[in-house]
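The lines below spell out each chain.
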Amino acid sequence: MRAAHIWQVVSAIIVVCLGAMIVSSKLAAAQNAPAPAVRLPAAPSEPAASAVPVASAAPAPPSSAPPVPAPVNEEAKSEEEDFTNLTLSGTVIQGESDMPEGLSDEQKLSLGTGKVPIHRDGKYRSPLANPTMGGPATVKVGFVISEIRAYSISDGSFSADFFMSFTSDKPMPKLHPVFTNGHETECQTVIDVETFRFYRCSGSFTSIVDLRDYPFDTQKLDINVEDAVYGVDTLVFVPDPNRTSLDASFRLSGYGVASVGALALKHQYPARFDRDDLYVSRYKFTLGLDRFAQSAAFSVYVPAFIIVLISLIGLWCPPGELEVRSNAGAPMLAAAVLFHYSLIQSLPATGYLTHADKLMLGVYVSLLLNMATTWAFMIVDEDRLDFWFRLFRAWVPPLTALVMIASVFV
């Protein structure tokens with residue numbers, strides 16, 4: 001009894017010491033924390049010298065005072081360049097005479113009868129068309145990835161640094177590249193001439209995640225580029241396979257490079273406004289990544305098979321040891337549930353079963369089959385226990401093997 005009291009006192013002292021250490025560490029962290037920074041008004045600064053325009057800048061309001069001419073500096077262009085109304089030259093406001101003849105009221109509503117500017121010349125009526133171009137410029141697109149960072153399998157997000165080039169067969173207008181699956185993107189112009197543009201870019205992107213073959217899945221990371229202003233009557237992108245690659249030092253932890261490719265397509269948005277009939281040329285770079293097979297096997301398949309093998313040990317326990325026999329199955333069921341839960345924690349919710357899910361279904365069926373043999377001893381005749389014991393020991397392991405093979409290859 002005295003020893004018990006001594007142990008309680010020692011435990012209380014240990015708890016008090018641990019609590020004092022935690023409190024002292026919190027106080028020290030609070031004292032060492034930097035003081036909150038005071039926000040000061042930001043001083044006006046010049047925009048970057050060679051950045052691709054991302055958004056249109058509103059024109060300055062007219063002033064009564066005469067403008068003071070500023071010195072021209074060709075090497076320091078504005079980051080925010082106004083590209084509003086670049087394609088409105090030669091447009092007219094749509095009227096009744098601009099609607100094709102013989103259309104029903106429903107067809108007219110589908111095209112749009114609003115007072116929007118349209119082009120009467122050329123193939124397209126959209127105000128974004130550019131019939132004065134005299135035919136589209138064929139632009140070869142080069143794309144070289146230097147780094148992929150922070151790839152998340154849960155939502156398909158990643159960050160990328162890359163080089164992008166546009167080589168045209170004839171003079172092309174000023175480009176305004178945008179990334180349809182990107183955000184917080186930034187491009188710096190390195191070379192800008194009429195037939196060649198070269199950019200260095202970085203940004204965050206999202207791509208579709210396909211986990212049907214998980215953990216031996218191959219993920220495709222896409223980066224989509226199109227021009228913010230011009231359509232296919234001005235620019236037609238084509239991939240340049242000789243200029244589509246990865247940097248020699250490219251690495252991505254946990255994945256290997258399965259493929260590198262690109263394609264170009266003509267994309268049409270749902271009608272965004274009346275007479276919106278212009279297609280947009282879109283360039284799509286795709287990087288295929290696959291998991292390392294050895295790592296996937298040891299992290300998913302090996303634990304699942306070990307759980308099943310341990311549960312099968314109970315088949316060699318005699319019928320008189322039902323408690324020992326049951327302890328070989330029920331704990332393994334709990335282990336399988338916890339293991340399955342840890343697998344799906346890092347994956348997004350899907351409307352289909354992955355290979356890992358099918359494997360765990362095989363584990364559950366195998367454990368249920370094993371546990372059913374233990375429960376069967378509670379309902380069979382005692383004089384038939386030896387017969388059933390030999391039968392279960394002979395047939396359950398082969399059936400379990402078939403179930404696990406089916407879960408792996410189906």
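Just so it is clear, the model here is predicted, and its values are computed rather than measured.

Criteria and cut-off values
Residues numbered from 1 in each chain as written. Predicted model: local features only at pLDDT ≥ 70, side-chain atom pairs only at ≥ 80, totals over all residues. Heavy atoms only, no water. Helix = DSSP H or I, 4+ residues; strand = E, 2+ residues; numbered from the N terminus. Polar contact = N/O pair within 3.5 Å; in protein donor to acceptor, adjacent residues only side chain to side chain. Contact = heavy atoms within 4.5 Å. Pairing = 2+ DSSP bridges. Axes fitted to C-alpha atoms, helices over the stretch in contact; angles between N-to-C directions. Buried < 20%, exposed > 50% of the residue type's maximum accessible area, 1.4 Å probe, protein only.

**Quick word on the side chain of Q94**
Here comes step 1: Here Q94 is to be found in the loop between β1 (92–93) and α2 (105–111).
Here comes step 2: A polar contact of 3.2 Å, which involves the side chain of Q94, links it to the backbone oxygen of G112.
Here comes step 3: Filtering out sequence-adjacent residues up to four positions away, Q94 remains in contact with M99, G112, T113, G114, K115, V116, I118 and R275.

**So, the sheet that holds strand β8 (residues 218–227)**
Here comes step 1: The strand order across the open sheet formed by four strands is β5-β8-β11-β10, and the pairing between neighbours is antiparallel. Edge positions in the sheet fall to β5 (177–179) and β10 (255–267), since each of these pairs with one other strand and no more. Taking the axes of each pair of neighbouring strands and ignoring which way they run, one obtains an average angle of 20 degrees across the sheet.
Here comes step 2: The sheet contact formed by β10 and strand β11 (residues 280–291) spans twelve bridges and is antiparallel. When the sheet's bridge partners are listed, Y255 is paired in β11 with R291.

**Re unusual backbone geometry**
Here comes step 1: Here the bond from Y214 into P215 is cis, since omega is 10 degrees, no more than 30 degrees from zero.
Here comes step 2: Tracing the sequence through the fold places P215 in the loop between β7 (196–206) and β8.
Here comes step 3: Of note, the phi angle at N85 is positive, near 65 degrees, even though the residue is not glycine.
Here comes step 4: Tracing the sequence through the fold places N85 in the loop between α1 (2–32) and β1.
Here comes step 5: Judged by its relative accessible area of 54%, N85 is exposed.
Here comes step 6: Residue E184 is not a glycine yet carries a positive backbone phi of 55 degrees.
Here comes step 7: Within the element layout of this structure, E184 appears in strand β6 (residues 182–193).

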